[in-house]
Every structure is written in C-alpha cells, then in structure tokens.
Amino acid sequence: MKLKGRVAIITGASSGVGYSAARLFAREGATVVAAARRRDRLEHLVSEIAAEGHQGFSIPTDVTDSSQVQHLAEKTLSLLGQIDILINCVGGMMKISAIETFSDAEWRRVIDTNLSGAFYMARAVVPAMKRQNSGTIINLGSRVGKMGVANIGPLCAAQFALAGLSQSMAQELRPHNIFVTTVYAGLINADIHPLNPAEAFRRQLITTDDVAQSLLWVCTLPPSLRVDELPIMPRQVDF
Ligand SMILES: NC(=O)c1ccc[n+]([C@@H]2O[C@H](COP(=O)([O-])OP(=O)(O)OC[C@H]3O[C@@H](n4cnc5c(N)ncnc54)[C@H](OP(=O)(O)O)[C@@H]3O)[C@@H](O)[C@H]2O)c1
C-alpha cells in the first residue's frame, strides 16, 4: 500500500476523476476525505470504500464558498489530525459559446468553480501542511490552461490562472517541504458537458482511472524528485 497512514482530501469526489482517485487512494491505504456538493454520491462512495475494508469520510462542500472550505479543513483536522494530500478535482466549462454571450454570472461561476475553489482549498490546508513540514497539492488542470481555445474564453482564463497560482505556490511552499503539481489533462471520458461526444470517440479519451493513476504517481515520487507540471493526453486525440 503506497499511501498507508496518509490523509488525502479529494474535491470533486462525487464523480469523474475525483471519484476514481478516491477509490484508488483508499485502496492504496490513504484515509480519504471526499468532498463535493452531492451528499448522496459522496455517501455512496464512502460506503464502497468501507466495503473494500478501507477508510473514507464524506464532507459535503461547495468549494466556491470559502467558509465551507474552511469547515472542510477544520473537520478533517479534528477527525484525523493531519492533512497530507490535497487533490483539487473540481471544474467544468458550463457552456461553449461566443465570448459576447457569457453573462456576468456565467463568467463568475466558471472562475469560481475552476479557480477560486482551488485557491480557497490551498489557503485552508497549507497552515496544517506547514506545521507538519510536508504536503502534496495537485491541481487537476486542463490543456486549455496552456493553449487558448475558441468559444470557451472564461474556462481558458480560469485554467491559465490556475496554472499561475500553482507555479507561484510551488515556488513558495517548496521550502516547507510542500510540493505543488498541476496535471494538465486533455479530454477525459467523464461528464464533459456540454460536449457530449459519441461513444466511439469517448473510447479514445483518457479514462478517469488513468488520471487517478497519474495523481497517485505524483503523490508517491521518490524523495529526490519533484514534478511541477504533468501534461497527460489521450494517445490518438490532440485535445
Ligand atoms: N473531462 C475532461 O475532459 C477534462 C479535461 C481536462 C481537465 N478536466 C478537469 O478534471 C476535473 C474533474 O472533472 P471531471 O472530468 O471528472 O468531471 P465531473 O465528473 O463533472 O467532475 C466534476 C466534479 O466537481 C464537483 N463540483 C463541481 N462544482 C463544485 C463545487 N462548486 N463545489 C464542489 N464540488 C464541485 C462535482 O460534484 P458535485 O456536482 O457533487 O458538486 C464533480 O464531482 C476538473 O477539474 C476538470 O476541469 C477535465
């Protein structure tokens, strides 16, 4: 078991990559604290983890609300006494449309979901990680945080900013033995609303289990190695 004794908070754990990561990390011995908004999905996840003989907790959280995020970190510390790993797996594009069609509310929602949540989460867990003098933070980002793509302007803006936030934190936190990685993913066979591609195309995409494996790899690096950025792409698809 590669993560025995470690406590991992995973956001976006009710579906997609976060769900797969929660299952994998629990199997590898981590105590998983699963966060997202859908309580029923989180409780189902935790019951599946328990059925395999592992330990998980569900703490329903809207990561765009900084007070709920603070509560998530405090509850984790009161239950488990430590936070070793934070995996930020919350995101979404909301819609694909010309820039002038995005309302103020849609802009704010994309920025809050893809960027502010990761900032609130880091701010909430870093004090504990500094006290422990150790920690791993992974922000699951997107290829569109490296390259602008038409008709998803707010998402590109949020993802570029997430990359900048991650780079800044990586430099700042390294002296505290806290390592920050951005995983830049191409298309994943998850919800990907509103793309909704055909099944044959979906089968060519990265699986959520593949992404979970890459997250595990980053959390189990040898002590001499750090990975600031990890781009991952489907073998035969260029987006
Ligand atoms: N799918 C792709 O092609 C792709 C490509 C590159 C990067 N990514 C990134 O991968 C990550 C995971 O996405 P996914 O593909 O696995 O899609 P997904 O299945 O839709 O997962 C998104 C997760 O985020 C949670 N979430 C959304 N808003 C939230 C909020 N305000 N507070 C708390 N949780 C919230 C959702 O749960 P609730 O609704 O229960 O809150 C869900 O668990 C995202 O960061 C996304 O940007 C995805």
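Model, not experiment: these values are computed from the prediction. (Residues numbered from 1 in each chain as written. Predicted model: local features only at pLDDT ≥ 70, side-chain atom pairs only at ≥ 80, totals over all residues.)

**Quick look at the site of the ligand**
Step number 1: Among the 29 residues in the neighbourhood of the ligand, the closest are listed as Gly12, Gly16, Arg37, Gly91 and Ala190.
Step number 2: The set of elements that each furnish at least two residues to the shell around the ligand consists of α1 (16-27) and β5 (135-142).
Step number 3: In terms of residue count, the dominant contributor to the shell around the ligand is α1 (3 residues).
Step number 4: The residue makeup of the shell around the ligand, split by class, is 11 nonpolar, 13 polar and 5 charged. (Near = placed C-beta within 6 Å. Helix = DSSP H or I, 4+ residues; strand = E, 2+ residues; numbered from the N terminus. Nonpolar A, V, L, I, M, F, W, Y, C, P; charged D, E, K, R; others polar.)

**Focus on the nonpolar core**
Step number 1: Formed by 72 residues in total, the largest nonpolar core has its most connected members in Ala8 and Ile10.
Step number 2: Here this core gets 10 residues from one element, more than from any other, and that element is helix α4 (residues 104-132).
Step number 3: Excluding residues that lie within four positions of it along the chain, Ala8 makes contacts with Leu3, Phe25, Ala30, Val32, Val33, Asp84, Ile85 and Ile87. (Core = buried A, V, L, I, M, F, W, Y, C linked by C-beta atoms within 7 Å. Buried ≥ 20, exposed ≤ 12 C-beta atoms within 10 Å, placed from the backbone. Contact = placed C-beta atoms within 7 Å.)

**Examining helix α3 (residues 66-80)**
Step number 1: A rise of 1.5 Å per residue sets the reference length of α3, with its 15 residues, at 21 Å; its end C-alpha atoms lie 21 Å apart and thus fit the reference within 8%.
Step number 2: Turning to α3, its buried residues number three or more, namely Val69, Leu72, Ala73 and Thr76. Mapping the buried residues of α3 onto a view down its axis gives an arc of 90°, with all of them on the same face. Exposed side of α3, more than 90 degrees from the buried face: Ser67, Glu74, Ser78 and Leu79 are the residues found there.
Step number 3: Close packing links the buried residues of α3 with β1 (7-11), β2 (31-35) and α4.
Step number 4: Phi turns positive one or two residues past the end of α3, at Gly81, with a value near 80°. (Expected span 1.5 Å × (residues − 1). Arc of directions from axis to C-beta.)

**Some points on the packing of α3 against α4**
Step number 1: Axis separation between α3 and α4 bottoms out at 9 Å; the angle between their running directions is 30°. Regarding the angle of α3 to α4, the classification is roughly parallel. The handedness of the crossing between α3 and α4 comes out as right-handed. Side by side, α3 and α4 meet where Ser66, Val69, Gln70, Leu72, Ala73 and Leu77 of the first sit next to Tyr120, Met121, Ala124, Val125 and Ala128 of the second. (Axes fitted to C-alpha atoms, helices over the stretch in contact; angles between N-to-C directions. Parallel < 35°, antiparallel > 145°, perpendicular 65-115°, else oblique. Left-handed = near helix turned anticlockwise from the far one by under 90°.)

**Quick word on the environment of Pro194**
Step number 1: Note on placement: Pro194 falls in the loop between β6 (178-185) and α6 (199-202).
Step number 2: You can call Pro194 exposed: it has 11 C-beta atoms within 10 Å.
Step number 3: Here the alpha-carbon distance between Pro194 and Asn88, two residues 106 residues apart in the chain, equals 21 Å.
Step number 4: The contact partners of Pro194, leaving out residues within four places of it in the chain, are Lys95 and Ile96.

**Observations concerning the pairing of β1**
Step number 1: Burial runs high along β1: 5 of the 5 residues are buried.
Step number 2: Along β1, one buried face is formed by Val7, Ile9 and Thr11 and the opposite face, lined by Ala8 and Ile10, is buried too.
Step number 3: Inspection of the sheet shows β1 paired to β2 by 5 bridges, in the parallel sense. Along β2, the bridge assignment pairs Val7 with Thr31. (Pairing = 2+ DSSP bridges.)

**A few points about the sheet that holds β2**
Step number 1: Spatial ordering of the open sheet is given by β3-β2-β1-β4-β5-β6-β7, a layout of 7 strands whose pairing is parallel. Strands at the two margins of the open sheet, each flanked by one partner only, are β3 (56-58) and β7 (229-232). Within the sheet, the average angular offset between the axes of one strand and its neighbour, ignoring direction, is 15°.
Step number 2: One ladder, built from 8 bridges, connects β5 with β6; its direction is parallel. What sits directly across from Ser142, in β6, is Ala185.
Step number 3: Across the sheet, α1 touches β1, β2, β3, β4 (85-88) and β5, and the angle it forms with β1 is around 165°.

**Regarding the packing of α4 against helix α5 (residues 153-173)**
Step number 1: At a minimum axis distance of 8 Å, the contact between α4 and α5 shows a crossing angle of 15°. Our classification of the angle between α4 and α5 gives roughly parallel. Where α4 crosses over α5, the handedness of that crossing is right-handed. Counting all contacts with α4, which are made through Glu106, Trp107, Val110, Ile111, Asn114, Leu115, Ala118, Phe119, Ala122 and Val126, the residues of α5 involved are Pro154, Leu155, Ala158, Gln159, Ala161, Leu162, Leu165, Met169 and Leu173.
Step number 2: Taken together, the residues of the contact of α4 with α5 sort by class into 16 nonpolar, 2 polar and 1 charged.

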